[in-house]
Amino acid sequence: MNHQRSSMLFHQAKNSIPGGVNSPVRAFKSVGADPLFIKKASGPYIYDEDDNSFVDYVGSWGPMIVGHCHPDVVAAVKQTVDNGASFGAPTEREITLADMVIDAVPSIEMVRMVSSGTEATMSAIRLARGYTGRDNIIKFSGCYHGHADALLVKAGSGAATFGVPDSPGVPADFAKHTLTAEYNSLDSVKALVASNKNSIACIIVEPVAGNMGTVPPQEGFLEGLREMCSNEGIVLIFDEVMSGFRVAYGGAQELYGVTPDMTTLGKIIGGGLPVGAFGGKREIMEKLSPSGGVYQAGTLSGNPLAMSAGIATLNILKQPGFYQKLEDKSRAVAEGIAKAAKDAGFPLYSTRVGSMFCAFFTKGEVRDWPSAAQCDTKAFAKYFLAMLDEGIYLAPSQFETAFVSAAHSEADIEKTIVAAARAFKQIA
Ligand SMILES: *Cc1c(COP(=O)(O)O)cnc(C)c1O
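Note that this is a predicted model, so its numbers are computed, not measured.

Re the packing of aromatic side chains
Each aromatic ring pair is characterised by the separation of its centres together with the angle its planes make. Counted according to the given criterion, the structure contains 18 aromatic pairs. Between Phe28 and Phe384, the ring centres sit 5.1 Å apart and the planes meet at 90°, which makes this aromatic pair edge-to-face. Residue Phe28 is found in the loop between α1 (4-16) and β1 (38-42), and its partner Phe384 is found in helix α14 (residues 377-389); the two are separated by 356 residues along the sequence. Phe384 shares its class with Phe28; the two are buried. Plain terms: the ring middles of Phe140 and Tyr183 are 6.1 Å apart, the flat faces sit at 90° to each other, and that makes the pair edge-to-face.

Here it is, written out as structure tokens:
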């Protein structure tokens, strides 16, 4: 496969952009290659600058659940931009999307729009602290909640991939209020809560961990967190930036029937444009400026183009049978890859929740960050490159989730499974 133009552009990019990319996970560093530069996309396919086409399982890292360039989304954005891209004043569309989010997500009674998932989580935590008057927070090893200072502690894929669990530039003082527990271990949370009585403002968790590969919550884990938070006056925050509108229309909280106090969203609700949101109980949300004292703001928050893309996307997701069809496709591709590995005698641990899935290159069960970290990342790198050569575009790291979209056809899935079978044979 010819990557000449991508290589040339990457060479050029490194001159003017640190590492040649505007977000570290885009670099192919951990798989020992150069990133492809993308020219365009359509449905389940992306096309690089050398005119190679790929079946895409990155989906812009989650947002493209209806596929690239869905005609409804494209039309909505085009129509909106004709009337102005941003006003810095309220618009009707913001109410429309807010009401759609409130209708969909069980925990959300009020919601504020921001421009990224990072903003959503950092603002949600500030609000939880303001609401409780407490400073400490608990997060889980391997969970990623954006790149705010206090959250760059044991933060999953990007950090794990590049071996910087704690980033330089984050003062120890800023991170000292962040306590880290082990995913799927209620005991590890209990111990932290017991030794920090009445000082924990919130527990923030990915209800389906998607930034250390895909790690589902074990039975009782989310329920246990809910109970502990209720007993201790701790705000439970589900970071559903990835899982929201992905694993079900109402997110993981709908799927598992556990309702947090606050929820952060992003990715899908922007339909591919920059968006984040945080919401929750009215009593908490009303503490936010200007109705309350906790400050949070944004020049482009609730941006008309992003609202339009989000509304158009959610309208597609609302159609009857959408998630069932996506479930069937996702099962087919995840099980197909797992079977191909087995047939090739290749050790693999497969996980999937709805249209999020991961093939972990390890024999053992993956339930948390220490077990995910056992994976053979060198073998994964070989697999990734072999798949790329077959025209299958996966995320360039073992510790990422693959995303299936409604646009993936049976033929695309069949092609993916055949490619995987060849890739496993090649590297076994
Ligand atoms: C992607 C992601 C974020 C960060 O969102 P950005 O828009 O990249 O800032 C936060 N939390 C989770 C769970 C995510 O997957």
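Right, picking up where we left off after that structure.
Re the packing of α14 against helix α15 (residues 410-427)
Running from N to C, α14 and α15 point in directions that differ by 135°, and their axes come no closer than 9 Å. Accordingly, the angle class assigned to the pair α14 and α15 is oblique. Where α14 crosses over α15, the handedness of that crossing is right-handed. Facing α14, whose interface residues are Ala379, Lys382, Tyr383, Ala386 and Met387, α15 presents Thr416, Ala419, Ala420, Ala423, Phe424, Gln426 and Ile427. Of the residues belonging to the contact of α14 with α15, the class tally is 9 nonpolar, 2 polar and 1 charged.

Remarks on helix α7 (residues 186-195)
Within the span of α7, buried status applies to Val189, Leu192 and Val193. Viewed along the axis of α7, the buried residues span an arc of 100°, placing them on a single side of the element. The outward face of α7, more than 90 degrees from its buried face, is lined by the exposed residues Asp187, Ala194 and Ser195. The secondary structure elements touched by the buried residues of α7 are β5 (136-140), β6 (178-181), β7 (200-205) and α8 (221-232).

Structural notes on the site of the ligand
What surrounds the ligand is the set Ser116, Gly117, Thr118, Tyr144, His145, Gly146, Glu206, Asn211, Asp239, Val241, Met242 and Lys267. Taking Tyr144, its main chain carries an N or O atom lying 3.3 Å from a nitrogen atom of the ligand. One of the side-chain nitrogen or oxygen atoms of Asp239 is found 2.7 Å away from a nitrogen atom of the ligand. In the complex, 83% of the free accessible area of the ligand, which totals 380 Å², lies under the protein chains. In terms of residue class, the shell around the ligand is made up of 3 nonpolar, 6 polar and 3 charged.

Here's the deal with the nonpolar core
Residues Tyr57, Val101, Phe245, Leu317, Tyr383 and Phe424 are the most contacted members of the largest nonpolar core, which totals 75 residues. No other element matches the 9 residues that helix α11 (residues 304-317) contributes to this core. Each of domain 1 (4-69 + 322-427) and domain 2 (71-317) gives at least three residues to this core. In this structure, Phe245 is in contact with Ile65, Val101, Ala104, Val105, Gly251, Leu265, Ile268, Ile269, Leu314, Leu317 and Tyr323, ignoring residues within four places of it in sequence. Grouped together as the second largest cluster of nonpolar side chains are 30 residues, Ile138, Phe221, Leu222 and Ala372 included.

Rules and cut-offs
- Residues numbered from 1 in each chain as written.
- Predicted model: local features only at pLDDT ≥ 70, side-chain atom pairs only at ≥ 80, totals over all residues.
- Heavy atoms only, no water.
- Phe/Tyr/Trp six-rings, centres within 6.5 Å; stacked < 30°, edge-to-face > 60°.
- Helix = DSSP H or I, 4+ residues; strand = E, 2+ residues; numbered from the N terminus.
- Buried < 20%, exposed > 50% of the residue type's maximum accessible area, 1.4 Å probe, protein only.
- Axes fitted to C-alpha atoms, helices over the stretch in contact; angles between N-to-C directions.
- Parallel < 35°, antiparallel > 145°, perpendicular 65-115°, else oblique.
- Left-handed = near helix turned anticlockwise from the far one by under 90°.
- Contact = heavy atoms within 4.5 Å.
- Nonpolar A, V, L, I, M, F, W, Y, C, P; charged D, E, K, R; others polar.
- Arc of directions from axis to C-beta.
- Near = heavy atom within 4 Å.
- Polar contact = N/O pair within 3.5 Å; in protein donor to acceptor, adjacent residues only side chain to side chain.
- Areas by Shrake-Rupley, 256 points an atom, 1.4 Å probe, with all protein chains shown as cover.
- Core = buried A, V, L, I, M, F, W, Y, C linked by side-chain atoms within 4.5 Å.
- Domains from an automatic or database assignment.

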